[in-house]
Amino acid sequence: MQVVRTRAELRAALAASPRPVGLVPTMGWLHAGHVSLAERARSESATVVMSVFVNPRQFGEARDYELYPRNEARDLATAEAAGVDLVFAPGVDEVYPPGFDTVVSVGAIARPLEGAARPGHFAGVATVVAILFALVGAERAYFGLKDYQQVAVIRRMALDLALPTQVVPCPTVREPDGLALSSRNARLSADGRARAAVLHRALAAGAALARSGERSAEAVRAAVRAVLAGEPAAETEYVSAADPDTLAELEAIGGPVLLSLAARVEGVRLIDNELLTG
Ligand code: AMP
């Protein structure tokens, strides 16, 4: 496995690499969710490229950016074990060189849910992903459905800007108690970590109600909120039952539903979702 830090080194390494190329963009602190993306990429690519870059432009709060966990030595060992060929681990100035002055403006799909809760977040995500797509020129790029709206935003961007990289969505990897793996889980105490399982339990309750035939989306949202409210350590930010294509909130359930939520546990912002295919 080769590790490169500059655009020039990346270009040179890619020129000598067989195609097709699969790209796995990450912010590091790698866990089994990232590994599952790398393994999927490995199974479909001659060369697997992983980027490890904590993107300052997608954080609203400087403190959240600073507190984001980092451990490059461990990440490199994990990436190598997952079959990655090339890691791109640039500094901030390599991604955003002096004079950088262009951002991707994301549309309606980026407005609700995470977009409403984190103004500017998806513009930051879309901008860094557009740069990574341009630098790597991969045939395919792999993203986790834990960040469902992120996948939708990036798909829309790739389509609208005619970017030649195909976006491949991958299933959410969970802990045995249902908690979605996330780098942010590392910031929880053992007690908070155990309590955070309420996010998945809440989604499961909403999903069970919808599957039982409940047609009121508000009743489903209320069922999710009620489970979250039963865990005093969880502060609910939003609960949504939305159209999986437009992400608009539903009134009546008559087809597929994206149940999603954001909540804070011990001040750590966690998200999760469940897609009900109807
Ligand atoms: P991050 O490092 O958090 O920016 O995530 C990098 C990629 O890994 C994104 O495409 C995420 O959606 C994906 N990812 C994060 N957590 C999980 C998970 N638990 N299961 C599957 N993919 C994940």
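Chemist: Tell me what's going on with helix H4 (residues 72–81), and back it up with residues and numbers.
Modeler: Turning to H4, its buried residues are Asp75, Leu76 and Ala79. Taken down its axis, H4 places every buried residue within 100° of arc, on the same side. Facing away from the buried side of H4 by over 90 degrees, the exposed positions are Ala73 and Ala81. Tucked inside the fold, the buried residues of H4 contact strand S1 (2–4), strand S3 (47–52) and strand S4 (86–88). Positive phi appears at Gly83, one or two residues downstream of H4, with a value of about 95°.

Chemist: Lay out the sheet that holds strand S2 (residues 21–26) in plain terms, naming residues and giving numbers.
Modeler: Remark on secondary structure: sheet strands pair via backbone hydrogen bonds, oriented parallel or antiparallel. Ordered in space as S1-S4-S3-S2-S5-S6, the six strands form an open sheet in which the pairing is parallel. If you trace the sheet from one side to the other, it starts and ends with S1 and strand S6 (166–170), each paired once. Taking each pair of neighbouring strands and ignoring which way they run, the sheet shows an average axis angle of 25°. For S3 and S4, the ladder comprises three bridges, and the chain directions are parallel. Within S4, the position partnered with Met50 by the bridge is Val87. Each of S2, S3, strand S5 (140–144) and S6 touches helix H2 (residues 32–44); the most contacted strand, S5, lies at about 155° to it. With respect to the sheet, helix H7 (residues 121–136) is in contact with S2, S3, S4, S5 and S6, its orientation differing from that of S2 by roughly 150°.

Chemist: I'd love a proper account of the side chain of Thr26, names of residues and values included.
Modeler: As for its position among the elements, Thr26 is in strand S2. At a separation of 3.1 Å, a polar atom in the side chain of Thr26 contacts the main-chain amide nitrogen of Gly28. Looking at Thr26, its side chain comes within polar contact range of the main-chain oxygen of Ser51, at 2.9 Å. In this structure Thr26 touches His34, Met50, Ser51, Val52 and Phe53, once residues within four positions along its chain are discounted.

What counts, and where the lines are drawn
- Note that residues are indexed from 1 along each chain, following the sequence as it is written.
- Per-residue local features are limited, in this predicted model, to residues with pLDDT of at least 70; the limit for side-chain atom pairs, both in listing and counting, is 80 or more; totals at the level of whole chains, interfaces and linings are taken over all residues.
- Note that the side-chain values use all heavy atoms of the structure and ignore hydrogens as well as water.
- Exposure categories follow from relative accessible area, calculated using a 1.4 Å probe and restricted to protein chains: below 20% of the type maximum is buried, above 50% is exposed, and the middle band is partly exposed.
- To qualify as a helix, a DSSP run of H or I must reach at least 4 residues; to qualify as a strand, a run of E must reach at least 2; elements of each kind are numbered from the N terminus.
- The arc under discussion is defined with respect to the helix axis, by the directions toward the C-beta atoms.
- Only heavy atoms enter the contact rule, under which two residues are in contact if any of them lie within 4.5 Å.
- Should DSSP find at least two bridges between two strands, the strands are taken to pair.
- Every axis in this analysis is a line fitted to C-alpha atoms, fitted for helices over the stretch in contact. Angles between the N-to-C directions lie between 0 and 180 degrees.
- We call two N or O atoms a polar contact when they sit within 3.5 Å, provided that within protein one can donate a hydrogen and the other can accept it, with sequence-adjacent residues counted only if both atoms are side-chain atoms.

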